[in-house]
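Per-entry structural report
The chain contents come next:
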Amino acid sequence: MTGFSRTVLVAAGLALAATVISAATPQEEAFLKVWRVHAADPARHAAVIEACQSVMDRASTLGEYLPAVMTLAGWHLLASGKEQEAIDVFQKALTSDRGAPAIARSADTLARRWLTRLDHAKVEKGLRTYYAANVAFPTTLSPVFAQPNPPPKADRFGDAWVYETKALAKVANTANQRFSLHSKTLGNRLTALKSVPFTSYGKRAVSIVSRRAGTPVMVEFETVTDAGAQRGTAGEGSAVNGVRFLKLSSDGQFALMIENENDFWVVATAGRR
């Protein structure tokens, strides 16, 4: 698991405070094997895609970790320029089951966010096609949706696009020469595909400091970014220092997490295995 160039994984040698109750399951080991390939070098897209594909076709191999591996593969496919393959994988990760496990629901949100960005690019393309013919952007998106092979009318969360036109700054009589387009869920800052570059995966390094026995399981994490280190305690499903804790492995040696904006997976570890 990597972050910014100066992000480091800390507390590698710290032991868990509670006694390990059981060994890791085969599904957890399979997931961790894939994650290690990713963490070794997130820029080696082909290697990660191969590792993901080696287990993705066998749901029993990964169990509830399957959606996480699928969406990890989707990101690497997208980053390597294989857009349609990425779309196909992200779409397979979608679920409408609100009672699905937390990992599946988080994968659904992650997939919808990346698919929304890809759909946003299609709407942008339609707007620029309209501009080329009219030397102005339309006041609504209706003409774009009337084009051949029209882009989606809504984002992947079911909300209509937030769209408006603007005049050029400091130039008179230039109405509809600029536009603003974004998803209601993602917001203007994060909707464009280029707003989340593929030069790095995620922003945080997280390690397990201690595990507290009980129900629910409580785990203390240390999170490291360029801003420094922070510690916090969270139960499964709750957030701490910019990440949401989803599941602790059976042996307590790693926790699957997701960044609060739901674009990147995070794996917190409890020292070297």
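Let me sum up the structure you'll find in this document.

Looking at the overall build of the protein chain
Each helix and strand counted, the protein chain has 7 helices and 9 strands in total. Buried residues in the protein chain amount to 49% of all 273 residues. A fraction of 55% describes how many contacts in the protein chain between residues 6 or more apart in sequence connect residues 24 or more apart. Carbon and sulfur atoms form 51% of the exposed surface of the protein chain, whose accessible area is close to 13300 Å².

A closer look at the packing of aromatic side chains
Inspection of every chain in the model, using the stated rule, returns 15 aromatic pairs. Ring centres of Phe31 and Trp35 lie 6.3 Å apart, and the angle between their planes is 25°; on these two criteria the pair is classed as stacked. Taken together, the residues span about one helical turn, with Phe31 and Trp35 both in helix H1 (residues 26-40) at a distance of 4 residues. Residue classification places Phe31 among the buried residues on the basis of a relative accessible area of 2%. Through pairs of rings, three or more aromatic residues link up here, namely Phe31, Trp35, Tyr65, Trp75, Trp114, Phe198, Tyr201, Phe254 and Phe264. We note Arg117 situated over the ring of Trp114; from NZ or CZ to the ring centre the distance is 4.6 Å.

Some details on the packing of H1 against helix H2 (residues 45-56)
Axes are the key here: two packed helices are described by the angle between their axes and the distance separating the axes. Running from N to C, H1 and H2 cross one another at 175°; their axes reach a closest spacing of 9 Å. As judged from the angle between their axes, H1 and H2 are roughly antiparallel. On the side of H1, the interface is formed by Val34, Val37 and His38, while H2 contributes Ala47, Val48, Ala51, Cys52 and Val55. Considered class by class, the residues forming the contact of H1 with H2 number 7 nonpolar, 1 polar and no charged.

Focus: H1
Its 15 residues give H1 an end-to-end C-alpha distance of 21 Å, which sits within 8% of 21 Å, the value for a rise of 1.5 Å per residue. The complete set of buried residues in H1 reads Glu28, Ala30, Phe31, Leu32, Val34, Trp35 and His38. The secondary structure elements touched by the buried residues of H1 are H2, helix H3 (59-62), helix H4 (66-79), strand S7 (243-248), strand S8 (254-259) and strand S9 (265-269).

Rules used throughout
- Residues numbered from 1 in each chain as written.
- Predicted model: local features only at pLDDT ≥ 70, side-chain atom pairs only at ≥ 80, totals over all residues.
- Heavy atoms only, no water.
- Helix = DSSP H or I, 4+ residues; strand = E, 2+ residues; numbered from the N terminus.
- Buried < 20%, exposed > 50% of the residue type's maximum accessible area, 1.4 Å probe, protein only.
- Contact = heavy atoms within 4.5 Å.
- Areas by Shrake-Rupley, 256 points an atom, 1.4 Å probe, with all protein chains shown as cover.
- Phe/Tyr/Trp six-rings, centres within 6.5 Å; stacked < 30°, edge-to-face > 60°.
- Lys NZ or Arg CZ within 6 Å of the ring centre and 35° of its normal.
- Axes fitted to C-alpha atoms, helices over the stretch in contact; angles between N-to-C directions.
- Parallel < 35°, antiparallel > 145°, perpendicular 65-115°, else oblique.
- Nonpolar A, V, L, I, M, F, W, Y, C, P; charged D, E, K, R; others polar.
- Expected span 1.5 Å × (residues − 1).

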